[in-house]
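Coordinate analysis (summary)
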2 protein chains.
Amino acid sequence: MQISSRFTVALHIFSCVETFKNERKVTSDFLAGSINTNPVIIRKILGQLKSAGLIDVARGTGGITVTRPLEDITFLDVYRAIEPVEDGNLFRFHEAPNPNCPVGRNIHQLLDKKLAAIQTAMEEEMKKYTLDGLRSGMNELLEKGA
Amino acid sequence: MQISSRFTVALHIFSCVETFKNERKVTSDFLAGSINTNPVIIRKILGQLKSAGLIDVARGTGGITVTRPLEDITFLDVYRAIEPVEDGNLFRFHEAPNPNCPVGRNIHQLLDKKLAAIQTAMEEEMKKYTLDGLRSGMNELLEKGA
DNA sequence: CACCACTGTAACATGGATAGTTACATCAAG
DNA sequence: CTTGATGTAACTATCCATGTTACAGTGGTG
């Protein structure tokens, strides 16, 4: 199971907003062109980022503004905005282990902490990367003329 | 996107094998009863664990043997045996960013290392848990009389 | 005001994966 | 050869990701 491409698309969007904000209005159509997908896909993702309070989207006129300083938005913020994991658990559990089996009635307690620790390790690493780092990294690549 | 329940089912299987190996023959039917699913589901997962070299399954007579010392099998080994992520990447990338856009042609290079680091953080944490830890944890729970 | 470019969203199609189920060939031991 | 087990094919149902068309709503500008 892979994490959906919506996450990397969202990061692509933020990168475009920063790169082009002084040159042109960044619309869902323009983003769809850079990402090579459908504008509606973009709008849905923008909706998720908006619901999470990371951006504002101007109706009518179009255009995206990031609501917080870039160094205050981490990959984890974006990930949580995008991935609608209902109960917040990365790992899915088989639903109804047999309570009459000694293993069945203890397996949850046995695994829960370990699985949570694994998920936390991933999320802590995600916190290390910010949109500001993304911006400066892209700038470096562009200055190198790529 | 959640990681499929096959992973926790596999851990459940190992836990059962250790708990019951001196009491009874552990068959796919018995496991299906403890996990509360269909024996064929179990057999498919056993097939994956077998392909990965973690267990042997006796045809005809039935029964499961773990091929390595329990302390040498980590959650990561089980995870990799179970999750058929073709290219090994946890994160899925949008496939065809526009090479005519400066962001589109650099986004891969910009993100790849960071995404790999996040995945590695998760996998390193997975390495910390072994089947032997699982066994002793279950023993403790059972001795406490749960 | 009317236009126009843009967003928000519904509705639908499609493909792929998960999970479940039945059925049956195959195998090994007593 | 009977028995109890595995291996696997075939099929189903369901869900999710992604893509697409269509259209109503919005807001600035001529």
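Summarised in this report is the structure supplied together with it. (Residues numbered from 1 in each chain as written. Chains lettered and ligands numbered in written order. Predicted model: local features only at pLDDT ≥ 70, side-chain atom pairs only at ≥ 80, totals over all residues. Heavy atoms only, no water.)

Take the pattern of salt bridges next. All names here are of chain A. For the structure on display, the rule yields 12 salt bridges over all chains. Residue Glu18 pairs with Lys21 through a salt bridge whose shortest N-O separation is 3.1 Å. On the basis of relative accessibility, which here comes to 16%, the residue Glu18 falls in the buried class. Its relative accessible area of 48% is what places Lys21 among the partly exposed residues. Among the ionic pairs, Glu125 bridges to Lys128, the shortest N-O distance being 2.9 Å. Glu125 gets classed as buried once you look at its relative accessible area, which sits at 12%. (Salt bridge = Lys/Arg side-chain N within 4 Å of Asp/Glu carboxyl O. Buried < 20%, exposed > 50% of the residue type's maximum accessible area, 1.4 Å probe, protein only.)

What follows deals with the environment of Gln48(A). Residue and element names in this part refer to chain A. By secondary structure assignment, the location of Gln48 is in helix H3 (residues 39–51). In this structure, the C-alpha to C-alpha distance between Gln48 and Asn106, residues 58 residues apart in sequence, is 37 Å. Discounting residues that sit within four places of it in the chain, Gln48 has contacts with Arg6, Ala81 and Ile82. (Helix = DSSP H or I, 4+ residues; strand = E, 2+ residues; numbered from the N terminus. Contact = heavy atoms within 4.5 Å.)

Tallied over the entire structure, the rule returns 10 aromatic pairs over all chains. Between Phe7(B) and Phe75(B) the ring centres are 6.3 Å apart and the planes differ by 80°, which places this aromatic pair in the edge-to-face class. On the criterion of sequence distance, the pair formed by Phe7(B) in helix H1 (residues 6–20) and Phe75(B) in helix H4 (residues 75–82) is long-range, its members being 68 residues apart. Of the two residues, Phe7(B) and Phe75(B), both sit in the buried class. Ring centres of Phe20(B) and Phe30(B) lie 5.1 Å apart, and the angle between their planes is 85°; this geometry places the pair in the edge-to-face category. Here Phe30(B) lies in helix H2 (residues 28–35) and Phe20(B) lies in helix H1, a separation of 10 residues in the sequence. For Phe20(B), a relative accessible area of 4% puts it in the buried group. Residue Phe30(B) is classed as partly exposed on the basis of its relative accessible area, which comes to 21%. Put simply, the rings of Phe7(A), Phe75(A), Tyr79(A), Tyr129(A) and Phe91(B) touch in pairs and so form one group of aromatic residues. (Phe/Tyr/Trp six-rings, centres within 6.5 Å; stacked < 30°, edge-to-face > 60°.)

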